[in-house]
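Summary of the model geometry
Here is what each chain is made of, one letter per residue.
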Amino acid sequence: MEAIAFYTFAILTTVMFLITVLTSHALYALSALAAGMIFISAFFFLLGADFLGAIQIIVYTGAVMALYAFGMMFFDTTRDVVEKRTSPQLIFGLSGVAALMVVAIFTAPIISGNIEALYPAIDGVGNSQMVGMVLFTKYLIPFEVAAIMLLVAMIAGIVLAGKKMDHSLTLMQDEIECINEEKEQV
Amino acid sequence: METAYFIETIIKIVVILLVFSALAGFGTYFERKILAFMQRRLGPMNVGPFGVLQIAADGIKLFTKEDIVPTNAVGPIFKIAPVITAATAFMAAAAIPFLPQFTIFGYTVHPIVADVNIGILYILGVMAVGFYGPLLGSLASSNKFALLSAARAAAVFISYEVITGLALLGPLMMVGSFSLIDFNNYQAGGMGDWIIWSQPVAFVLFWIAAFAETGRTPFHLVANDHEIIDGFGTEYSGMRWGLFFIGEYANMFFISFVIVLLFLGGFGDGSVFGALMFLLKMSFFFFFFLWTRAAWPDIRPDQLMWLCWKVLMPLAVLNVVVTGFVMMF
Amino acid sequence: MMSLEQFENRNVSENGYYKVDIESYPETGWEKAKQVFSRTIRGELFVGLWVVMREMLKFDIHTVQYPKEKLPVGPRYRAVHEMQRLWESGTERCIGCGLCEKICISDCIRMDTRIDENSRKEVSEYTINLGRCIFCGYCAEVCPELAIVHGGRYENTSEQRAHFTDYEDMLTPFDMAVKGQVPEYPGFGAVTPHEDERVKSTPLAY
């Protein structure tokens, strides 16, 4: 039962991500990405990590939704995107690296026997509590570092986007001048 | 045991699907009637007694209408989008306890499909996926109004997911569980135990976010009839459009159940009176969705963003911090 | 039926209309914040909720269930024509003068006359093509005998336009006219109710 579910979702996820990479249609790529991200959560549920599964769905639906927003801005999502290949050398190099990584990933189970769980699951404790415990004991520093990085990114984003915040995008320039003149007259 | 559980689950799924599909139909009837009464009209009157059979007439019409896929639309995605909305609405229902457990013919029935221990997270996640329906539908239909609707859907979704999550953190910290059954048991002691008394801010925030989540009137931007025709539904016809409708109304019912379970004591101690009160409270929240539609204007997208990021989110964060301090000391 | 005086009163200032006082929009951030705060405190949203709830509870329904109920039509409404008869004698009022045919701007009235055995002019053929008629009312206005008038029958749905042209349908039934059951036409082209007060003696200055 579990094996059937695993292989089904494995095939589904792989197919979805393949579509994401291979299609030149922005809407197909984004939708396949979203579907793949949601199918990944199935693996968490299969492994009994309900909390992480739900978080995977919530986080990635939001993240891909932001990508959709960009897609909407940059492409006509109902048409194929014409791609420009400027440096075939770079593509060649990158695909070589990717192939190497795939080999590494597939050979990884050979040494996986050396890995053992240092923090085995505790009986009678819920899934989310367990995540919380591990997060605030063993992984406290990576967790906090990640939090700080996100904070930095957020502030940087605000600074970048907020440079011209006091300028109105909707009013035309001469309208603004008109308003200013009126104010001066008053 | 295993087969009995299996059969029970199947029956529960079928019952929920049937009941809520029917309720979605009746929801449209109630909406028309209540809106009509509030505007001094009569609403549907001619089909059946008091127009009740209007639902059947609409159903027949939707099923038999020609299903049009526009030439320039992205076919597969255009076709799958309404299914996403309807399916996710019903998937979310799996973790909602609709009634207290009761015994029938000596067999105890739990009216919940799956009491997963991350219930509320699961519901939020699946409802979030539900937003893909309008988004994909509008992006795929290659229509200007639909595209505007897609932009609005993305904006509303990204902002109000934050509010829902942050508003829920306070009650979650108090209860210490994601399961809606645990939420209910936490408040089982009577009216004094309801989370609304200790978390009024979270309650109001969650309620506001529920309007955004279901796309109801003050935040009815995604398909605002007087600005962008029907938004994502502009190019849809027949039953595909009907699926969007069923999804929307089912979502309204489910979110009403969730609000009552989270903040207003759910079904209490599980007695018959508690169950009746549960349904009554749920009906009030459903009614409120219709009430606001009659009373309030729609707000602009920029006002929606303003409200979300400058008012509601700071309030939500403050609420979490205050809850934390109160619980610590 | 709505009375003519009521119908003619188009003076909106007497009917309780007034101008709404709209305050100016806030410009600075602080003013906006103040506006939001005051609106939140005043609970304007709840006022709106209360108003619609009050209307629902009052249940003062204004719907007219059309095929069952019909709204009264104004006396000067210009719908499908009627051909009047004289009271008591019941003869047709139309004297066949042909003014209506002449004045009709959409050219939809056709009539044929002949001299009958009593050496009186008689209308032998009279048609109004209602598919072309624009209901301007000139025919009723120009008729010296008040024979052709505009009635209140506005539900003219049919499979063919020819159905609209039947003279017999427009003609007042003979027995009703004899019994005096046909009310004198008050509408377009008719003598107004207080005509006697308006009559002045002709100045004989010459």
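Thresholds, definitions, all that
Residues numbered from 1 in each chain as written. Chains lettered and ligands numbered in written order. Predicted model: local features only at pLDDT ≥ 70, side-chain atom pairs only at ≥ 80, totals over all residues. Heavy atoms only, no water. Helix = DSSP H or I, 4+ residues; strand = E, 2+ residues; numbered from the N terminus. Contact = heavy atoms within 4.5 Å. Areas by Shrake-Rupley, 256 points an atom, 1.4 Å probe, with all protein chains shown as cover. Axes fitted to C-alpha atoms, helices over the stretch in contact; angles between N-to-C directions. Parallel < 35°, antiparallel > 145°, perpendicular 65-115°, else oblique. Left-handed = near helix turned anticlockwise from the far one by under 90°. Nonpolar A, V, L, I, M, F, W, Y, C, P; charged D, E, K, R; others polar. Buried < 20%, exposed > 50% of the residue type's maximum accessible area, 1.4 Å probe, protein only. Domains from an automatic or database assignment. Salt bridge = Lys/Arg side-chain N within 4 Å of Asp/Glu carboxyl O. 1 Å grid on protein atoms, 1.4 Å probe; cavity = no way out; pocket = protein on both sides within 12 Å on 5 of 7 lines; lining within 4 Å. Points joined across faces, edges and corners; volume = space filled by probe spheres on them. Buried area = accessible area lost by both parts, 1.4 Å probe. Polar contact = N/O pair within 3.5 Å; in protein donor to acceptor, adjacent residues only side chain to side chain. Pairing = 2+ DSSP bridges. Expected span 1.5 Å × (residues − 1). Arc of directions from axis to C-beta. Core = buried A, V, L, I, M, F, W, Y, C linked by side-chain atoms within 4.5 Å.

Counting its secondary structure elements, chain C contains eight helices and four strands. Helices and strands appear in chain C in the N-to-C order α-α-α-β-α-β-β-α-β-α-α-α. Contacts in chain C between residues far apart in sequence, at least 24 positions, make up 69% of those at least 6 positions apart. In the structure as shown, chain C presents an accessible area of about 15500 Å², 54% of it carried by carbon and sulfur atoms.

Further remarks concern the packing of helix H4 (residues 119-130) of chain B against helix H11 (residues 238-263) of chain B. Residue and element names in this part refer to chain B. The geometry of H4 relative to H11 is characterised by a closest axis approach of 12 Å and an angle of 155° between their N-to-C directions. In terms of orientation, H4 and H11 fall into the roughly antiparallel class. Between H4 and H11 the crossing geometry is left-handed. Within the contact between the two elements, H4 uses Ile120, Ile123 and Met127 and H11 uses Asn251, Phe254, Ile255, Val258 and Leu262. Considered class by class, the residues forming the contact of H4 with H11 number seven nonpolar, one polar and no charged.

Residues and elements named next belong to chain C. Positive phi is not limited to glycine here, since Phe59 has a value of about 55°. As for its placement among the helices and strands, Phe59 is situated in the loop between helix H3 (44-58) and strand S1 (81-83). Its identity is not glycine, yet Phe135 carries a phi of approximately 55°, on the positive side. For Phe135, a relative accessible area of 21% gives the class partly exposed.

Attention now moves to the domain arrangement of chain C. The domain boundaries assigned to chain C delineate domain 1 (25-62) and domain 2 (81-190). For domain 1 of chain C and domain 2 of chain C, the distance between their C-alpha centroids amounts to 57 Å.

In this section: the pattern of salt bridges. If the charged atoms of two oppositely charged side chains come close together, the side chains can form a pair. Residue and element names in this part refer to chain B. Summed over the entire model, instances satisfying the criterion amount to 14 salt bridges over all chains. Taking the shortest distance from any N to any O, the salt bridge between Arg216 and Glu31 comes out at 2.6 Å. Here Glu31 lies in helix H1 (residues 2-38) and Arg216 lies in the loop between helix H9 (200-214) and helix H10 (225-228), a separation of 185 residues in the sequence. When its relative accessible area of 2% is taken as the criterion, Arg216 is described as buried.

Before going further, it helps to spend a moment on the layout of surface pockets. Residues and elements named next belong to chain A. Taken as a whole, the second largest pocket encloses approximately 1600 Å³ of empty space. The greatest single-element share of the lining of the second largest pocket, amounting to 11 residues, is contributed by helix H2 (residues 26-46). Per-class residue counts for the lining of the second largest pocket are 38 nonpolar, four polar and four charged.

Packed helix pairs are specified by the crossing angle of their axes together with the interaxial distance, meaning the distance between the axes. It is at 12 Å that the axes of helix H3 (residues 50-74) of chain A and helix H5 (residues 132-140) of chain B come closest, and there the two elements cross at 20°. Taken as axis vectors, H3(A) and H5(B) run roughly parallel relative to one another. Considering only the axes of H3(A) and H5(B), their crossing is left-handed. Packed against H3(A), whose contacting residues are Tyr60(A), Thr61(A), Val64(A), Met65(A), Tyr68(A) and Met72(A), the element H5(B) presents Tyr132(B), Leu135(B), Leu136(B) and Leu139(B) at the interface. In terms of residue class, the contact of H3(A) with H5(B) is made up of nine nonpolar, one polar and no charged.

Further remarks concern the interface of chain B and chain A. Much of the literature gives interface size as the accessible area that the parts lose upon coming together. On the chain A side, the residues contacting the 28 residues of chain B number 29 residues. Taken together, both faces of the contact between chain B and chain A bury some 2200 Å²; the carbon and sulfur share is 79%. Put simply, chain B and chain A have zero salt bridges between them. On inspection of chain B and its partner chain A, the count reaches one residue pair in polar contact (both at pLDDT 80 or more). Per-element accounting of the side of chain B that touches chain A gives the leading share, seven residues, to helix H6 (residues 144-175) of chain B.

Moving on: the pairing of strand S3 (residues 121-128) of chain C. A regular strand carries its side chains on alternate faces of the sheet. Where strand S2 (residues 109-115) of chain C lies against S3(C), seven bridges are found, and the strand directions are antiparallel. Considered in S3(C), the bridge of Ile115(C) is made with Lys121(C).

We now examine the environment of Glu101(C). Residues and elements named next belong to chain C. Within the secondary structure, Glu101 is located in helix H4 (residues 99-103). Judged by its relative accessible area of 24%, Glu101 falls in the partly exposed class. Between the C-alpha atom of Glu101 and that of Arg78, which follows or precedes it by 23 residues, the distance is 18 Å. Apart from the residues within four sequence positions on either side, Glu101 is in contact with Ile109, Arg110 and Met111.

Here the focus is helix H1 (residues 2-22) of chain A. Residue and element names in this part refer to chain A. In a regular helix each residue adds 1.5 Å, so 21 residues correspond to 30 Å; H1 covers 30 Å between its end C-alpha atoms and thus fits that length. Burial in H1 covers these residues: Ala10, Thr13, Met16 and Thr20. What you see down the axis of H1 is that its buried residues fit within an arc of 140°, all on one side. Facing away from the buried side of H1, by more than 90 degrees, are the exposed residues Ile4, Tyr7, Ile11 and Leu22. For H1, the elements touching its buried residues are H2.

A word on empty space enclosed by the protein. All names here are of chain C. Within the structure shown, the criterion is met by three cavities of 30 Å³ or more. There is about 90 Å³ of room inside the largest cavity. Residue lining of the largest cavity: 14 residues in total, with Cys94, Cys97, Cys100, Cys143 and Ala147 positioned closest to the centre. Taken as a whole, the second largest cavity encloses approximately 80 Å³ of empty space. Together, 15 residues line the second largest cavity, and His81, Cys104, Cys133, Cys136 and Cys139 are the ones closest to its centre. Its residues assigned to classes, the lining of the second largest cavity shows 11 nonpolar, four polar and no charged.

On to the nonpolar core. Core analysis: the biggest nonpolar cluster contains 119 residues, and Tyr132(B), Leu135(B) and Tyr160(B) have the highest contact counts within it. Counting residues per element, this core draws most heavily on H11(B), at 14 residues. Once residues within four sequence positions are removed from consideration, Leu135(B) is found in contact with Met65(A), Tyr68(A), Met72(A), Ala150(B), Ala153(B) and Ala154(B). Listed in part, the 20 residues of the second largest apolar core include Cys94(C), Ile128(C), Ala147(C) and Met170(C).

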